[in-house]
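Breakdown of the fold
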Amino acid sequence: MLLEFRVANYRSIGEEQVLSFVPAPKQREYPENILSAAKYNLLNAIGIYGNNASGKSNLLLSISLLDKLVHLSARTSSTTPLPFDPFLLREGWTEKPTRLEISFILEANRYRYGLEFNKNEVLHEWLYRKGTGREVELFERKNDVIDVSSGFNGSPKLIDAAIEATRNNALFLSICDMLNISEAKSIFGWFRKLNMFNGLNTEELMIDTASLLDVDPYKELIRNYFLHLNIGIEDFAMVTKEFDPADLPPGLSENQRNAWIERLQGKKGFNIMAAHRYYDRGGQPTEAKINWMLDKNESSGTTKAFQISGPIFWTLVNGGVLIIDEIEAKLHPLMTLDIINLFLNKDTNPNQAQLIFATHDTNLLSSSKLRRDQIYFAKKNRWESTEIYSLSDIFYAGSNDPEKLEKERPDRDKEKRYMEGRYEAVPEFGTLDPIKPLLQKWHERAN
């Protein structure tokens, strides 16, 4: 399970920001939202609010960036530049490295893994493990010097080989996994359960979700989920046909598209069919069903609900972390709330999966059962760098004693107070005075 993530000097993020799943002290609302792993208590979900361009997406992308670096760096060439994308709006920050660090629970141990890098090389990389005692260093790398402790589980010969094989632009952890070093492979198993998608562009998920329709228990889960949604769809079927590249989802990147074409060329393609009940002349249901193509005959919201159902139920079945940007896009507010509740409810989340989502749906502030420490806000500071903070971090002057600071009460109307700007992280519009004369000028010209 994810414990904490830290990022500095990445896109709109300048100084280090921390996203923490550790429950805030002295908060008693919704205790069922706390998961237990080994001796740690962790939150099951975090929602992030903020103005457009506040940096919510960049925060989520930085988590995905670490995941991609871990999985792909060992397979790139020695001349491949690293995805260095620093903060550009303050002098000197392009010379600073990007810093990423993640802490997570795996097999009753807490791991802390991180790195610093620029365009050309990994400058610093570290891995620590904490079991029942103190935190111990497993390895630390500074430039081309890699020190590995005896506590790092794996064959000494393979570890030496990994040290020799690690290039300037590759991660030592990734090389260790490639050489089948046991502790690195275990850590990679954790990263394989970390997934992210953008709710505005879910077409690329269609293939992954379709592939689960023939796998237990996902087909039954997806079918029953749509029966629960009560939107008329009673079942799904995947109908194969000769593969045609024109049938690939339009939202795929060029690399993804080419990869799928290479993978499927000469094979059969597929269509997802949605089954609806057929009614007689009197409007009474019959045993017959009508099947039609999902992406041609259903609404964009219904199609999205199918596309995202795959990663949602895969995460709930396997445990892990699911990250969704713009979770509410194309969905009714109650459907968005229903997705979040799948992770908040222990009956539907028995494997202790975690959800991170970014949204503009203020309705969730009032209607969802999110604790104050599960609600984060993103805003830009005076030098346009992203800062994040949770609702549990906000203090007010005491009502009886202004010198005594008080936290936001859990029974407040959080949606109303957010829209009033009490939590900040909302748009602050300037005056319309410069716009008015221009519109008036063009109105006069038109007439």
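Just above sits the structure.
Residues numbered from 1 in each chain as written. Predicted model: local features only at pLDDT ≥ 70, side-chain atom pairs only at ≥ 80, totals over all residues. Heavy atoms only, no water.

1. Some points on the packing of aromatic side chains
Put simply, the rule is: Any two rings among Phe, Tyr and Trp, with Trp reduced to its six-membered ring, count as a pair given centres within 6.5 Å; such a pair is stacked if its planes are under 30 degrees apart, edge-to-face if over 60, and tilted if neither. Only DSSP runs of H or I reaching four residues or more are called helices, and only runs of E reaching two or more are called strands; each is numbered from the N terminus. The classification of residues rests on relative accessible area computed with a 1.4 Å probe and restricted to protein chains. Under 20% of the type maximum is buried, over 50% is exposed, and intermediate values are partly exposed.
As enumerated under the stated definition, the model contains 19 aromatic pairs in all. Here Phe104 and Trp190 contribute two aromatic rings whose centre-to-centre distance is 4.3 Å and whose plane-to-plane angle is 20°, an arrangement assigned as stacked. Taken together, the positions of Phe104 in strand 6 (residues 98-106) and Trp190 in helix 4 (residues 182-191) put the pair 86 residues apart, joining distant regions of the chain. Here Trp190 and Phe191 contribute two aromatic rings whose centre-to-centre distance is 5.3 Å and whose plane-to-plane angle is 90°, an arrangement assigned as edge-to-face. By relative accessible area, which is 9% here, Trp190 ends up buried.

2. Regarding the sheet that holds strand 18 (residues 386-390)
The cut-off we apply is this: By the convention used here, strands pair only if DSSP detects at least 2 bridges between them. In this analysis, axes come from line fits to C-alpha atoms, helices being fitted only over the stretch in contact, and the angle between any two N-to-C directions falls in the range 0 to 180 degrees.
Taken in spatial order, the six strands line up as 11-15-16-5-17-18 in an open sheet, and their pairing is mixed. Sheet topology places strand 11 (194-198) and strand 18 at the edges, where each strand pairs with a single neighbour. On average, each strand axis in the sheet is inclined to that of its neighbour by 15°, with strand direction left out of account. By the bridge criterion, five bridges tie strand 11 to strand 15 (residues 321-325) in an arrangement that is parallel.

3. With respect to helix 10 (residues 333-344)
As a reminder, the rule being used: A helix is expected to span 1.5 Å for every residue after the first. Here, two residues are considered to be in contact whenever any of their heavy atoms come within 4.5 Å of each other.
For helix 10, spanning 12 residues, the distance from its first C-alpha to its last is 16 Å, which sits close to the expected 16 Å at 1.5 Å a residue. Burial within helix 10 is extensive, with nine of its 12 residues counted as buried. Buried positions along helix 10 lie against strand 5 (45-50), helix 6 (218-229), helix 9 (300-318), strand 15, strand 16 (354-358) and helix 11 (363-367).

4. Things to note about the sheet that holds strand 7 (residues 109-117)
Backbone hydrogen bonds are what pair the strands of a sheet, in a parallel or an antiparallel way. Pairing in this open sheet of seven strands is antiparallel, and the strands run 2-1-6-7-8-9-10 from one edge to the other. If you trace the sheet from one side to the other, it starts and ends with strand 2 (17-20) and strand 10 (145-148), each paired once. Ignoring which end each strand starts from, the neighbouring axes of this sheet average 10° apart. In this sheet, strand 6 lies alongside strand 1 (residues 2-8) in antiparallel orientation, the contact comprising six bridges.

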